[in-house]
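Structural characterization, general
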Amino acid sequence: MNSKIFLENGRIKSKGYAMFSKDSKFTPFEFTRHKIGKNDILIAIKYAGICHSDIHTARSEWGKTTYPCVPGHEIAGEVIAVGENVSKFKIGDYAGVGCMVNSCGECEACKKSQEQFCENGKTIYTYNSKDIFHNNENTYGGYSNNIVVSENFAINVPKDAPLEKIAPLLCAGITTYSPLKFSNVKEGSNVAIAGFGGLGVMAVKYAIKMGAKVSIFARNEKKKTKALAMGVSNFYTSTDKDIVKERFDLIISTIPTHYDLLPYMDLLKYGGEMAIVGLPPHDISPSINIINLVYKAGKKIYGSLIGGIKETQEMLDFSIKNNIYPEIEIIKPSEIDKAYENLTNGKANFRYVINMNDI
Ligand SMILES: NC(=O)c1ccc[n+]([C@@H]2O[C@H](COP(=O)([O-])OP(=O)(O)OC[C@H]3O[C@@H](n4cnc5c(N)ncnc54)[C@H](OP(=O)(O)O)[C@@H]3O)[C@@H](O)[C@H]2O)c1
Ligand SMILES: [Zn+2]
Ligand SMILES: [Zn+2]
């Protein structure tokens, strides 16, 4: 244990990269985290993925963010200290942290390990969240060198796993795995994925593994060759919707910008489902006309929010067992601004992962 990390009162010294307003650049930021409670673990962060939700939040696109903002909820690292009651981890283990760091633990949703839907409204998100369990302090995410989290919200990662590829599973992985399971995708299902970025590519890989025939709706043809090499049956662009003849059991939309939902609904079979996971900025969020919705009856649209902790562990074990990993490009912390720019200008590939060993 590195004693230089601890202040006299037990709080933990951390350094990360933060934005100080919605249009600032990322700058180095030193702060402290709450002390290690009996059930907490301290993780030295090795890698942090960049999710598009980080961008939406850092730029206040979903409403006003609390600054300084240290994003990052795709976290993989090594346990360097444990509280006295911790049983799931020991020092030296690998651990992952996703979008949540705590919840009430007592309501029906929490008891079913659907902590993201805590009925007491006590889901604490990994960053930009008021931590009611720790004096209402603002939470800071994974663009940093360490994090303290309840062991119940940390995911076990085997010691031989590739940590840089594990990180994006903690959000992109679970967010796409969960609706595929919820919609019971199986051998022979016909699935389409709209938006072929960090989330989209994970959805494609899982759906293929589950036995589905998979099509993509992308913004352009840039990634067509890669998609076909992954086993995708049909690669469409979003403007092709009118000419598509096939009908789908499930469409998952990961689109982070404005789009029209109805043409996608037209492509569902009777009883087909559309899972919305993409979360466009508040001021350009798509809405749906209920008259159109009723006339397209017999089809279901639902929103899907990450996944519970139990399912996140299940997803991680499934990914490792089946060798399903994200497509990543590793960057330095000083390159986060450039990565954000690329992700919003259509110049990115799939997932940027920040090497936090470089901080
Ligand atoms: N519900 C949840 O729990 C949850 C969890 C994580 C993330 N999210 C949200 O999911 C969204 C996607 O996140 P991400 O990290 O996957 O983002 P990303 O890596 O930027 O990928 C988004 C993809 O969508 C494509 N796209 C943009 N507009 C499109 C359109 N009109 N038609 C088809 N494709 C389009 C982009 O194309 P280009 O390559 O051309 O840019 C990009 O490939 C974000 O809004 C994020 O906040 C939600
Ligand atoms: Zn995310
Ligand atoms: Zn709860």
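Check the entry above for the structure.
An account of the accompanying structure is given in this report. (Residues numbered from 1 in each chain as written. Chains lettered and ligands numbered in written order. Predicted model: local features only at pLDDT ≥ 70, side-chain atom pairs only at ≥ 80, totals over all residues. Heavy atoms only, no water.)

1. Some details on the overall build of the protein chain
- When helices and strands are tallied, the protein chain shows 10 helices and 19 strands.
- Its C-alpha atoms give the protein chain a radius of gyration of 20 Å, near enough to 21 Å, the size a compact globule of 359 residues would have.
- Each of the three principal axes of the protein chain carries a C-alpha extent, and together these read 65 × 40 × 40 Å.
- The buried share among the 359 residues of the protein chain stands at 56%.
- Look at the contacts in the protein chain between residues 6 or more apart in sequence, and 68% of them connect residues 24 or more apart.
- Taking the 43 positively charged and 38 negatively charged side chains of the protein chain as two groups, their mean positions are separated by 2 Å. (Helix = DSSP H or I, 4+ residues; strand = E, 2+ residues; numbered from the N terminus. Rg over C-alpha atoms; globule rule 2.2 N^0.38 Å. Buried < 20%, exposed > 50% of the residue type's maximum accessible area, 1.4 Å probe, protein only. Contact = heavy atoms within 4.5 Å. Lys, Arg positive; Asp, Glu negative; His and termini not counted. Charge placed at Lys NZ, Arg CZ, Asp CG, Glu CD.)

2. Quick word on the coordination of the zinc ion (ligand 3)
- At this site the zinc ion (ligand 3) is bound by C104 (SG), C107 (SG), C110 (SG) and C118 (SG), with donor distances of 2.3 to 2.4 Å.
- One way to put it: the four donor atoms around the zinc ion (ligand 3) meet at angles of 101 to 119 degrees, and that makes the site tetrahedral.
- Between consecutive donors of the zinc ion (ligand 3), the numbers of intervening residues give the motif C-x2-C-x2-C-x7-C. Of this pair, C104 sits in the loop between β6 (100–102) and α2 (108–111) while C118 sits in the loop between α2 and β7 (124–125), and the two are 14 residues apart along the sequence.
- Residue class for C104 comes out buried when judged on its relative accessible area of 14%.
- In this structure C118 comes out as buried when scored by relative accessible area, which is 8%. (Donors = N, O, S within 2.8 Å, 3.2 Å for Na, K, Ca; no water. Tetrahedral: all angles 85-135°; square planar, octahedral: opposite > 155°, others 65-115°.)

3. Remarks on the nonpolar core
- Counting residues in each nonpolar core, the largest one holds 88 residues, and the members touching the most others are I41, I50, Y143, I166, L180, F196 and Y206.
- In terms of residue count, the dominant contributor to this core is helix α5 (residues 198–209) (seven residues).
- Discounting chain neighbours no more than four positions away, the residues touching I41 are V79, A81, V82, V86, F89, A95, I147, V148, V149, E151 and A154.
- Formed by 15 residues, the second largest nonpolar core is a distinct cluster that contains Y236, V244, L261 and I276. (Core = buried A, V, L, I, M, F, W, Y, C linked by side-chain atoms within 4.5 Å.)

4. Topic: the coordination of the zinc ion (ligand 2)
- Protein-derived coordination of the zinc ion (ligand 2) comes from C51 (SG), H73 (NE2) and C171 (SG), at a distance range of 2.0 to 2.2 Å.
- Read in sequence order, the donor residues for the zinc ion (ligand 2) give the motif C-x21-H-x97-C. Placement of C51 in the loop between β3 (40–49) and α1 (52–58) and of H73 in the loop between α1 and β4 (75–82) is noted, with a sequence separation of 22 residues between them. Here C51 and H73 have matching classes, each one buried.

5. Focus: the layout of surface pockets
- In this structure, the second largest pocket occupies an estimated 350 Å³ of space.
- Along the wall of the second largest pocket there are 24 residues; nearest its centre are H34, D131, H134, V148 and V149.
- In terms of residue count, strand β10 (residues 146–150) provides more of the lining of the second largest pocket than any other element does, four residues in total.
- A class-by-class count of the residues in the lining of the second largest pocket yields seven nonpolar, 11 polar and six charged. (1 Å grid on protein atoms, 1.4 Å probe; cavity = no way out; pocket = protein on both sides within 12 Å on 5 of 7 lines; lining within 4 Å. Points joined across faces, edges and corners; volume = space filled by probe spheres on them. Nonpolar A, V, L, I, M, F, W, Y, C, P; charged D, E, K, R; others polar.)

6. Quick word on the pattern of salt bridges
- Applying the stated criterion across every chain, the model contains 12 salt bridges.
- A salt bridge links K159 to E78, with the nearest nitrogen and oxygen atoms 4.0 Å apart. Of this pair, K159 sits in the loop between β11 (155–157) and α3 (163–166) while E78 is found in strand β4, placing the two residues 81 residues apart along the sequence.
- Taking the relative accessible area as the measure of exposure, K159 reaches 46% and is therefore partly exposed.
- Salt-bridge contacts for K205 lead to E327; the nearest nitrogen and oxygen are separated by 2.5 Å. With K205 in helix α5 and E327 in the loop between α9 (309–321) and β18 (328–331), this residue pair connects regions lying 122 residues apart in the sequence. (Salt bridge = Lys/Arg side-chain N within 4 Å of Asp/Glu carboxyl O.)

7. Concerning helix α10 (residues 336–344)
- Taken together, the buried positions of α10 are I336, A339, Y340, N342 and L343. Along the axis of α10, the buried residues cluster in a sector spanning 165 degrees; they form a single face.
- Tucked into the core, α10 has its buried residues touching β1 (12–18), α1, β18 and β19 (351–355).
- Looking one or two residues beyond α10, the residue adopting positive phi is G346, at roughly 70 degrees. (Arc of directions from axis to C-beta.)

8. Some remarks on the site of ligand 1
- Around ligand 1 sit 32 residues, and of these H52, S53, R219, I306 and R351 come closest.
- Measuring from an oxygen atom of ligand 1, one finds a backbone N or O atom of G198 at 2.9 Å.
- A distance of 2.7 Å separates an oxygen atom of ligand 1 from a polar atom in the side chain of R351.
- Here ligand 1 has 940 Å² of accessible area as a free molecule, and 94% of this is covered by the chains.
- Those elements that place two or more of their residues in the shell around ligand 1 are α1, α5 and β13 (213–218).
- At three residues, α1 tops the list of elements feeding residues into the shell around ligand 1.
- The class makeup of the residues in the shell around ligand 1 is 15 nonpolar, 13 polar and four charged. (Near = heavy atom within 4 Å. Polar contact = N/O pair within 3.5 Å; in protein donor to acceptor, adjacent residues only side chain to side chain. Areas by Shrake-Rupley, 256 points an atom, 1.4 Å probe, with all protein chains shown as cover.)

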